[in-house]
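What follows is each chain in one-letter form.
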Amino acid sequence: MKLSHLSLRHPYLLSAIIFFVVLVVNFYLQESILEGNTINNNMRVFLPLVLLTAGQAVVILTGGIDISVGSIVSIVSALLATRVGLEGTVNQTLTWFGIVLLVGILAGSINGFFVSYLRLQPIITTYATSFFFGGLALFILPQPGGGIPAKVANVYRTNYPLGLHWAFYVIPLLVLSWVAIRQTRYGRYLFAVGGRAQAAYETAVPVNQIIFSTYVVSGFMAALTGICITLLTGSGNPQIGDPMTLQAITAVVIGGTALSGGVGGIAGPILGALTLGIIKNIVSFANIDYWWQTFVNYMIILIALAAPGFIALFRRNRS
Amino acid sequence: MTTSLSAQNIVKRYGGVVALSDGNLDVYSGEVLALIGANGSGKSTLTKVINGVVVLDGGQLLLDGKPINFDSPHAAKKMGIATVFQELSLVPKMTVAENIWLAREPLRSGLFIDSKEIKVRTKNLLKLFEGTYRISMSMDDPISSLPPDELQIVEILKAVSIDPNILILDEATASLDNRQVHRLFELVRQWKAEGKAIIFVSHRMEEIMNIADRYTVLRNGKTVDSGDMKDVDEKALVSRMVGKETVYSLSREDRPKEEEPKPARLTVESLQTGVIKGVDLTVHEGELLGLGGLKGQGQRDLLLALFGDIPYEGKIVINDKEVDFSHPNQAIKESIALVPGDRSREGLLSIRSILENLMLPSWTNYGFPLNMRRSIEDGDRVASSLNLVMRSLSDPVNSLSGGNAQKVIIGKWLLKKPKILLLDDPTKGVDVGTKAEFYRLLQQLRSEGTSILFHSSDDEELLGLCDRILVMFEGKIRATLVGASITKANLVAASMGASEGNIA
C-alpha cells in the first residue's frame, strides 16, 4: 500500500533505483565509465534513443502507442544520406535538417489523423504506417550508403562545447521543457486524456486534438532522433531505426510510465533509455559470447521490467 | 439574472434504438425541476442532450427563448450549463484540485497554471461541504484514493465551480449519506435563491418531494406529464412513472410471523478486514437478513470477505463447518453467490451476450464441447422466470436497461441454485417496476430456504422486507433490529450511531 502510494507520487523512484543498480554493475566491469571521456562517448551513443523515448513517452502518457517511430528515423537517415551526401555543404545539411523535421511532423500527423479523428487502434495504425514509412526509406535508399559531410558529423562526435557532449545540454533542456509543459493546460490535458478520456471529454478537454498532437510530437522527436543518429554514424542506413521502436517503448515502461496511460512523465523514460544503454555496455564488457549477448541483454531488461511486480507479489504473500 | 431552458420534442436514437421519441421540459431561474421516470424512460438521454454529451436527432433546445445547438459538452458549458454526471466525470489518477479545475485552470501570463490561485479557490469550494467528509481528505489526494461519497462531492463541486446558470444534478445523491444530502439541499436552496435553474434527477422519492418545485415525468422516451409539486403526492407521481403497471407495495403482512428459529446456515465470528472492525452475525436457513446503515460503513467489505474476494481475519462457519476462503471459487463451491454493488464493472461482461453472462459461472455443467442447445434452453428459462425484457439472448448485455442488467446478474447465480445469497445494494438505480419483481423473487427464494444477506441503501426496502436488520456503523454492527423494533426511527438512529447495542 505504502509502496504503491509512493510509486504514484514518485513514478521515477523505481527507474532511478534500477538506473543506479546497472550503473554500479557497469562500473564494476568497466572502471573507466565515470571518466569524462568515456561518459561523453557513452552519451553521444545514448542520445538518439533518449530523444526517441521522450517522444514515445508523450504518446504513451495519453494511452496511445507509436510503433512507427523507428521507420521515421530510417526515413530521415535515408533522406539525409541521399539528399545531402558526403560531399554536401554545411548550408545544404542544415536546410535538410529542417526539411526532415517537417517530414517527421507530417508522418506524425498521418498517425494522429488516423488515431484521433478516425478512431483507429493506435497499435494497429502505427504498425501499418511503420511499413509504409519503412518502405519509403528503402525506396529512397535501397541499401546502406552515402552520408553527411564529416565536417558536420564531427561537431556531434568530437567538438563539444566546454568539454561536455551535446547530450548534457539537450537532456536537461528536454526535462526543463517538460517541467514547463506540466505547468500548462496542455500538460494537464495529456494526463487527463490518458487517465480517463471520457471524463476528460465531458469536462471540455479537446481530446481529439490532444491525441493528434502527441503523434505529431512523437514524429518530430523521431525525426530529431534520425538527425542525431546520422550525425553519430555519419552515414545513411534505411533500416537503422527498426530496432529502436521497441527499445524506446521498453525504456518508457522501465521509466515508470504505464502503458495504460495517465501516469508518469518523460524524466523517468529518459532514465530508462540511459539504463538500456548501460545494459548494452554491461553485456559487451562482461565477455559474453556473441550469441548470448542478445539473450542476456533482454533477460536483464525483463528483470528490470518485472521488478515492481515481484516486489508487490512478495508483499502480498507476506501480509 | 434570469434564465430559462426549454427542450421541445427532443428525439434521440442510438443505432436503431429510439431512446427518446418526444422529450420536453422547461426550467426557469430560481426553481428546482425534478426530472423523473423509470429506468430506460429516457431521463439520462434527455440530460445528455441538454448538456451536449450527445447530439440530438430531432427537436429543439431554447435558451432564454433563443434556439441553441451544441455539438460538445464544451459548448454547453460556455452557455452556463453544468452537469453533475451519474457516471462521474473525474480522472482517477489526478488530484481533487486538478480535477475540479481541469480545462479551466487559472493561468499566469496566459500560459502557466496558477497553482496558488487553484489552492485558494478549491479551499473555498470545499468549504461548501465542510464537515461532511473525512477530516484527512485533502485537495492533493488522487481521486482514486477517495471513497464514493467524497467522489460525488468533488463531482458536484466541479460542476458548481463554473458558476452555472443551469445545473443538472443526475443522481447526485446516490452515493451521499444523510448529512451530505442535507447539506446539498441547503446549497440547492441557496443556488435557487441566487437565480440558478436546477434540474434534479433522483430515484429517491423522498428527496424529490423535499426539494423539487415542479416535476416532469418521462415514460418510454416521452414526456407524459409536468406540473407543480404541490399538486401531487408520492403515490400520484409513482403511478405516472409506471403507467398501467401495478406498484408493489411493501407490506409487513407478506412477512412470515414469528416462527421457531431455523438452523443457522452461516455464522461469522469477529470478522475483520481493513474496514471491518470485528463483526459477529448469524444467518439462518430461509432468512432474509438486512444489512443497513449509511454508505461505506463496511457493508461492502463484509460481503466481499464472505465471498472470499478480499483477505480477512476471523471465523466463518457454514453448515457447522469452518471454512477459510482465499478465493471466490471456494465460496462458490460452498454454494454462496454474490451480486456485487458495481453492476457494470464487477457483475457483468458488458459487451458479451446475455447468454454468456448468464452461463459464466455454470459452463462446467455443460460438458465438452459445450452443449449450447441445453444452455440456451436453460438461459431462456431463467430469462422468462425473471421477466427479462430483451430481444434475444445473443444481444450484448449492455443493450439492457439497468434493472434488466441486474436481473441477468441474479439470473447467473440462480442457475447455480445458491444456498447463501449475498446482495450488495442490488436495487440501486433500478426502476420501480423491476424493484417490485425483485422483491417477489427474494420472498420466493426465502420460502425455498435460501439464506439471504441483503445490503441496501434504501431504508424502506430493508424495513419492508427483512426478518432482521443489522445496522452497520464505522465497521461494526451498531444495532440488531428484530420484530417490533424494526422501525425507521430505530434504523436511522442506529445508522447515525445514536443508539447502542441491541434494540429488542
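Residues numbered from 1 in each chain as written. Chains lettered and ligands numbered in written order. Predicted model: local features only at pLDDT ≥ 70, side-chain atom pairs only at ≥ 80, totals over all residues.

### Details of helix α4 (residues 69-83) of chain A
Helical geometry: 3.6 residues make up each α-helical turn, so side chains three or four residues apart lie on a common side. Between its first and last C-alpha, α4(A) extends 21 Å over 15 residues, near the 21 Å set by a 1.5 Å rise per residue. Positive backbone phi, at 75 degrees, marks A:G85, one or two positions downstream of α4(A). (Helix = DSSP H or I, 4+ residues; strand = E, 2+ residues; numbered from the N terminus. Expected span 1.5 Å × (residues − 1).)

### Let's talk about the sheet that holds strand β14 (residues 277-284) of chain B
Residue and element names in this part refer to chain B. What the four strands build is an open sheet, ordered β14-β13-β16-β17; its pairing is antiparallel. Both edges of this open sheet fall to β14 and β17 (321-323), since each of them pairs with a single strand only. Recorded for the sheet is a direction-independent mean angle of 15 degrees between the axes of neighbouring strands. (Pairing = 2+ DSSP bridges. Axes fitted to C-alpha atoms, helices over the stretch in contact; angles between N-to-C directions.)

### Here we look at the pairing of strand β4 (residues 58-63) of chain B
Residue and element names in this part refer to chain B. As defined by bridge partners, strand β1 (residues 4-14) adjoins β4 across five bridges and the pair is classed as antiparallel. Bridge assignment links L5 to a residue of β4, and that residue is L63. The sheet contact formed by β4 and strand β5 (residues 66-68) spans three bridges and is antiparallel. Of the residues in β5, the one forming a bridge with L62 is P67. Here β4 hands over to β5 after two residues, with D64 in that stretch at a positive phi of 50 degrees.

### Structural notes on the environment of A:G226
All names here are of chain A. In this fold, G226 is placed in helix α11 (residues 207-233). In this structure, the C-alpha to C-alpha distance between G226 and L13, residues 213 residues apart in sequence, is 30 Å. Not counting residues up to four positions away in its chain, the partners in contact with G226 are I72, V73, V76, S77, V100 and G241. (Contact = placed C-beta atoms within 7 Å.)

### Structural notes on the sheet that holds strand β19 (residues 420-424) of chain B
Residue and element names in this part refer to chain B. With mixed pairing, six strands are arranged side by side in an open sheet as β18-β19-β20-β15-β21-β22. Since the sheet does not close on itself, it has two edges, and those belong to β18 (336-339) and β22 (476-482), each with one partner. The average angle at which neighbouring strand axes cross in this sheet is 20 degrees, direction not considered. Of the pairings in the sheet, the one linking strand β15 (residues 288-292) to strand β20 (residues 451-455) comprises four bridges and is parallel in character. Bridge pairing links L288 to I452 in β20. Contacts from helix α15 (residues 432-447) reach β15, β19 and β20 within the one sheet, and its direction differs from that of β20 by about 150 degrees.

### A closer look at unusual backbone geometry
Between B:F368 and the following residue, B:P369, the backbone shows a cis peptide bond with an omega angle of -10 degrees. Inspection of the secondary structure assignment puts B:P369 in the loop between α12 (354-359) and α13 (372-385). Unlike most non-glycine residues, A:L162 shows phi in positive territory, near 55 degrees. Counting through the fold element by element, A:L162 comes out in the loop between α7 (150-157) and α8 (167-182).

### Quick look at the interface of chain A and chain B
In this complex, chain A contributes 18 residues to the contact, which on the side of chain B involves 19 residues. Counting residues per element, the ones that place at least two in the side of chain A that touches chain B are α9 (185-195) and α10 (197-202) of chain A. The leading source of residues in the side of chain A that touches chain B is α9(A), at five residues. Class assignment for the residues of the side of chain A that touches chain B results in nine nonpolar, five polar and four charged. (Nonpolar A, V, L, I, M, F, W, Y, C, P; charged D, E, K, R; others polar.)

### Details of the domain arrangement of chain B
Residue and element names in this part refer to chain B. According to the domain assignment, chain B contains domain 1 (4-242), domain 2 (263-335 + 418-504) and domain 3 (346-416). One C-alpha centre belongs to domain 2, the other to domain 3, and the line joining them spans 26 Å. With nine residues of domain 2 at the interface, the matching set in domain 3 holds seven residues. Its residues assigned to classes, the side of domain 2 that touches domain 3 comprises five nonpolar, two polar and two charged. (Domains from an automatic or database assignment.)

### Describing the packing of helix α5 (residues 90-117) of chain A against α11(A)
Residue and element names in this part refer to chain A. Where α5 meets α11, the closest approach of the two axes is 7 Å, and the angle between their N-to-C directions is 150 degrees. When the axis of α5 is compared with that of α11, the two are roughly antiparallel. When the axes of α5 and α11 are compared, the crossing they make is right-handed. For the contact of α5 with α11, a count of residues per class yields 18 nonpolar, 10 polar and no charged. (Parallel < 35°, antiparallel > 145°, perpendicular 65-115°, else oblique. Left-handed = near helix turned anticlockwise from the far one by under 90°.)

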